[in-house]
Amino acid sequence: MAGRMSANFSDLIHRVAGSCLIQTIGQGEEEAEEKSESFLDDHDESTYSDYEDQEERSERDHEHEDERKMSVTGGGKAAEKLQAAEVLMMEVFEAVSAMKKAYVSLQGAHSPWDPEKMRAADAAVVAEFKRLGRLRERFRRGSPAAAAAAAAERAMVAYDPEVEELKKEVKEKEAQVENLRERLKQASGRKGRTRRASARFREVVHAPTPELFELCMNQVKEASKAFTVLLLSLMRSANWDIAAAVRSIEGGTNAMTSFPLIAAAAAKHPHPTHAKHAIESYVCRKIFNGFENEAFYLSGSLTSLIQPEKHRRECFTQYRDMQSMDPVELLGILPDCQFGRFCGKKFLAIVHPKMEESFFGNLEQRRVVVNGGHPRTQFYGEFLALAKAVWLLHKLAFSLDPPPSHFQATKGAEFHPTYMESVVKFQEGVAPPGLVVGFPVSPGFKIGNFVIKSRVYLVNRTS
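Because the structure is a prediction, the values reported are computed rather than measured. (Residues numbered from 1 in each chain as written. Predicted model: local features only at pLDDT ≥ 70, side-chain atom pairs only at ≥ 80, totals over all residues. Heavy atoms only, no water.)

Things to note about the overall build of the chain
Logical step 1: Across its full length, the chain carries 18 helices and six strands.
Logical step 2: Buried residues in the chain amount to 35% of all 463 residues.
Logical step 3: When contacts within the chain are restricted to residue pairs at least 6 apart in sequence, long-range pairs at least 24 apart make up 73% of them.
Logical step 4: Total accessible area on the chain stands at roughly 26700 Å², and carbon and sulfur atoms take up 55% of it. (Helix = DSSP H or I, 4+ residues; strand = E, 2+ residues; numbered from the N terminus. Buried < 20%, exposed > 50% of the residue type's maximum accessible area, 1.4 Å probe, protein only. Contact = heavy atoms within 4.5 Å. Areas by Shrake-Rupley, 256 points an atom, 1.4 Å probe, with all protein chains shown as cover.)

So this is what it looks like as structure tokens:
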């Protein structure tokens, strides 16, 4: 009997020790109690209960208590980490959502252009980027996972192309704003004259007159100034050497087709007005080329010589019909009409490929024009306003009998106030003696005894 009890007691010790060794530290209190209860149920009221030692039972209780504390402590830390991760992800989602909204607002501020909304939306986008950056740093400090940090960084880098594109758009818009500001300044200075001109244009025109021709020439001047300001703004934005451009024009060369570009900041000409007039001179020289021909040399028509009266009537009819037309809409319907071919020819003559590529980074507008189309861009729209004004002036010129003769001052010629008008205004409204023509800006016209003065830029005789 004693041997049997000794054997059972040894077996009990072995099984309890084995149970303690296979039990994991991460098990909870409930699992440990279930195992203990299962073990006791298997042996309650058996031989083991007679020999279970009180000291061993107390030791097991201490072990189970330690395991429970370890499990509770480990589980608490894991729960805290999980909760922190969830909070961080919610903040990331909120930041991304806010940035998307700010980006949409930034796009909305472009059309129509609103500088105040633009600045506010830009500040909001930058703020959300900074917020995402702070969240990224929090994540990096709280987690050693390099892969997750790299993924977050890639997510930030993914927005870089969009930001660069927005910067480019902002740059173009700034050039447009500068152009509009200059046009507004010009319009404010000639408010009364513009109002009278508009009123006269609204009147029903029954016959061509020299006064109407002068009014039409004023429209050409306004359009050429506006287009010139836009060109100058784009040149500065594209880092052109403005001084070199002006020198090539003053020299009478065709170097506008090969102006050098510089990679550094745009060279600021000491006389911005001088540069503006020089570029306008280039534009007028190109667009008035062929004005003396009844078809701008677009065709070999001789109707003005064979049937002069019929040709005059047709020209004046075309003038009246086209006067109220939008050139963009007209060319959208009839891109291959005579006016459309005139616009295409003059655009290619004025805007050289290097010029267009430096302005816009591509030759898309030129490609469209070469293929007989007309791009619907803001730049081409400004050009069409000038082209329409010159086209109407040309039609009106060949409606008059006799047609006006046009003239242009030459470089170095004496200044004659009867036939010339200085583009630079002088004190007391009179040009001082000793000035000669530095370069012509726009041509003049003579209709019988009626003279429309040629616009010139005057310089000192010794310059």
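Continuing now.
A word on the pattern of salt bridges
Logical step 1: On inspection of all chains with the given rule, the structure shows 12 salt bridges.
Logical step 2: Taking the shortest distance from any N to any O, the salt bridge between R119 and E116 comes out at 2.6 Å. Here R119 and its partner E116 are both found in helix α5 (residues 115-142), three residues apart, which amounts to about one turn of the helix.
Logical step 3: Through salt bridges that share partners, E309, R312, R313 and D401 make up one connected network. (Salt bridge = Lys/Arg side-chain N within 4 Å of Asp/Glu carboxyl O.)

Thoughts on the sheet that holds strand β3 (residues 435-442)
Logical step 1: Across the sheet, which stays open at both edges, the three strands sit in the order β2-β6-β3 with mixed pairing between neighbours. Every interior strand has two partners, whereas the edge strands, β2 (420-422) and β3, have only one. Neighbour-to-neighbour, the strand axes of this sheet turn through a mean angle of 45 degrees, independent of strand direction.
Logical step 2: Alignment of β3 against strand β6 (residues 454-460), held across six bridges, turns out to be antiparallel. Within β6, the residue paired with P440 across the bridge is V456. (Pairing = 2+ DSSP bridges. Axes fitted to C-alpha atoms, helices over the stretch in contact; angles between N-to-C directions.)

Examining unusual backbone geometry
Logical step 1: With an omega of -5 degrees, the peptide bond running from D401 to P402 counts as cis.
Logical step 2: Positive phi, close to 65 degrees, is recorded for N239, a residue that is not glycine.
Logical step 3: Along the polypeptide, N239 turns up in the loop between α9 (210-237) and α10 (242-250).
Logical step 4: A positive phi angle is found at F296, which is not glycine, with a value near 55 degrees.
Logical step 5: By secondary structure assignment, the location of F296 is in the loop between α11 (272-287) and α12 (303-306).

Quick look at the sheet that holds strand β1 (residues 405-407)
Logical step 1: Within the open sheet, the three strands sit side by side as β1-β4-β5. Their pairing is antiparallel. Each of the sheet's edge strands pairs with one partner strand only, and the pair in question is β1 and β5 (450-452). Here the strands of the sheet are splayed against their neighbours by 20 degrees on average, with no regard to which way each runs.
Logical step 2: Alignment of β1 against strand β4 (residues 444-447), held across three bridges, turns out to be antiparallel. Its bridge partner being in β4, S405 is matched across the sheet by K446.

Some points on the nonpolar core
Logical step 1: Judged by nonpolar contacts, the single largest core of 67 residues is most densely connected at F288, F339, F342 and F383.
Logical step 2: Examining the composition of this core, we find that 13 residues originate from one element, helix α18 (residues 378-397), more than from any other.
Logical step 3: The contact partners of F383, leaving out residues within four places of it in the chain, are F227, I287, C343, K346, F347 and I350.
Logical step 4: Counting 13 residues, the second largest nonpolar core, distinct from the first, contains A102, M118, F129 and L135. (Core = buried A, V, L, I, M, F, W, Y, C linked by side-chain atoms within 4.5 Å.)

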